[in-house]
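Results of the structural survey
If you want the building blocks of each chain, they are given just below.
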Amino acid sequence: MSHGPLAGLRVIDAATLAAGPLIATWLGEHGAEVIKVEQPDGGDPLRQWGAQKDGVGLMWKSIGRNKKSVTLNLRQEAGRDILRDMAGQADVIILNLRPSTLHKWRLDYESLAVGNSRLVMVHVTGFGAGGPKSDRPGFGTLGEAMSGFAHLTGSPDGPPTLPSFMLADGVAGLTATYAVMMALYHRDVHGASGQLIDVNLIEPLARLLEQSVLTYDQLGTVPNRTGNRWDISAPRNVYLTKDGHWLAMSGSAPTIAKRALEAVGRPELTTDPRFAEAQQRLRNASEIDAIMADWISTRTLDEAMDVFEGANVAAAPVYDAEQLLADPHLSARGAYLTLADRELGAMRVQAPAPRFSDTPGSVDHLGPALGEHNEEIYGDWLGIDAARRQDLRAQGVI
């Protein structure tokens, strides 16, 4: 029985890989019933993505949390008919087919809304509808490149650097998730119909990188890679400790920058014209970086962090996965949950990130087996009788 603020909301996750399915994952954490539609021949490619244990995809297990899996061959008209029936009784449907395929298969918003005017549809693509690239295939890598992210990431004398995690997909998914909630609010509070939400993998991430666009637009200069520095604050970098660990620091607020200088024994610099004001610190970032690096290099991570925490300086260790899971603060908050699983025995996954005082999110189960919920959805919900279900299986539709 679903629970949470979205209990009663029915979501069809008919997308693949990361951005679209992530939307459904986050809605499912807060009570929505999520039905994951997958091709019978292998399911969502996400099942084979990344690290595997005994043939089980670990990423799938997390992103598939709280979902019900059904198999449905959308390459066949009979499969598309069933999806249209499902959409007719759903609140939200998530698709990431190319626009041309969407229209050819009559799964576009106009076609689906005929049977359900209250439907909210999310269409996630690489480039979005309407432009000359709209029908090109696209993955998060292209979004990270075209958004300006890769251009700004990396060493000044090195190549543009791509992230080793699904950054563009995640940002697009988060953007689309809040868009779904606004569309549902508009529908349910203002008595409106459903609507189409068009999200691509470039624009949400580019929205977070506006500093470079603003700089070019107003000053005519193109910001370039600065490594771990950032041209809005100093000190801002990672520094190596005596015992071989890395420590990150940010002086974004003037009071924090002043405390950092005092903490490393240089209080006289807080009134020095080169460091007393934000723009002056930026002009002398190399010098202030050297001061921090020299002080930190003579101390262990624990020693440096004791000083910085005592002085209320914004500093933190650079964690790997082992350190992240062992952090006492995150452990106290229950940031990671261990769940039983039939295939893996047990697995530790991140808990829902937003914390609600009255309606907390939950992870009830990890990603299900392919087609695990066929009988429940096709029989109990859609009312397809057993003989017809057998025929559909024989035809490769489900």
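You'll find the structure just up there.
The rules behind these values
Residues numbered from 1 in each chain as written. Predicted model: local features only at pLDDT ≥ 70, side-chain atom pairs only at ≥ 80, totals over all residues. Heavy atoms only, no water. Pairing = 2+ DSSP bridges. Helix = DSSP H or I, 4+ residues; strand = E, 2+ residues; numbered from the N terminus. Axes fitted to C-alpha atoms, helices over the stretch in contact; angles between N-to-C directions. Contact = heavy atoms within 4.5 Å. Core = buried A, V, L, I, M, F, W, Y, C linked by side-chain atoms within 4.5 Å. Buried < 20%, exposed > 50% of the residue type's maximum accessible area, 1.4 Å probe, protein only. Polar contact = N/O pair within 3.5 Å; in protein donor to acceptor, adjacent residues only side chain to side chain.

What about the sheet that holds strand E9 (residues 236–240)?
- Read across the open sheet, the 3 strands follow the order E9-E10-E11; overall the sheet is antiparallel. The sheet is open, and its two edges are formed by E9 and strand E11 (315–317), each paired on a single side. The average undirected angle you get between the axes of adjacent strands in this sheet is 25°.
- In the sheet, strand E10 (residues 246–250) pairs with E11 via 3 bridges, with the strands oriented antiparallel. Bridge assignment links Leu247 to a residue of E11, and that residue is Pro317.

A closer look at the environment of Thr226
- One can find Thr226 in the loop between helix H10 (210–219) and E9.
- For Thr226 and Asn116, which are 110 residues apart along the polypeptide, the C-alpha to C-alpha distance reads 51 Å.
- Sequence-distant contacts of Thr226, that is, excluding residues within four places in its chain, are made with Leu152, Gly154 and Pro156.

Overview of the nonpolar core
- Of all hydrophobic cores here, the largest spans 31 residues; its most connected members are Ile12, Leu72, Ile82, Leu83, Met86 and Tyr378.
- Of all the secondary-structure elements, those providing two or more residues to this core are strand E2 (33–38), helix H3 (77–87), strand E6 (92–95), helix H5 (109–115) and helix H17 (374–381).
- The element that contributes the greatest number of residues to this core is H3, accounting for 4 residues.
- Apart from residues no more than four positions distant in its own chain, Leu83 is found in contact with Ile12, Ala14, Val37, Leu72, Leu74, Ile93, Leu95 and Leu107.
- By size, the runner-up hydrophobic cluster in this structure holds 24 residues, among which are Ala15, Leu27, Ile94 and Ala183.

With respect to the side chain of Thr270
- Its place among the elements puts Thr270 in the loop between helix H11 (254–263) and helix H12 (278–283).
- Residue Thr270 is classed as buried on the basis of its relative accessible area, which comes to 18%.
- Polar side-chain contacts of Thr270 include one of 2.7 Å to the backbone oxygen of Pro267.
- Once residues within four sequence positions are removed from consideration, Thr270 is found in contact with Lys258, Leu261, Glu262 and Ala276.

Re the sheet that holds strand E5 (residues 67–71)
- Taken together, the 6 strands give an open sheet; going across it, the order is E5-E2-E1-E6-E7-E8, and neighbouring strands pair in parallel fashion. Of all strands in the sheet, those bounded by a partner on one side alone are E5 and strand E8 (196–200). Direction aside, neighbouring strands of the sheet carry axes that sit 20° apart on average.
- For E2 and E5, the ladder comprises 5 bridges, and the chain directions are parallel. Within E5, the position partnered with Val37 by the bridge is Val70.
- Sheet contacts for helix H8 (residues 167–189): E6, strand E7 (120–125) and E8; angle to E8, the most-contacted strand, approximately 165°.
- H17 contacts strand E1 (10–13), E2 and E5 of the sheet and is inclined by roughly 80° relative to E5.

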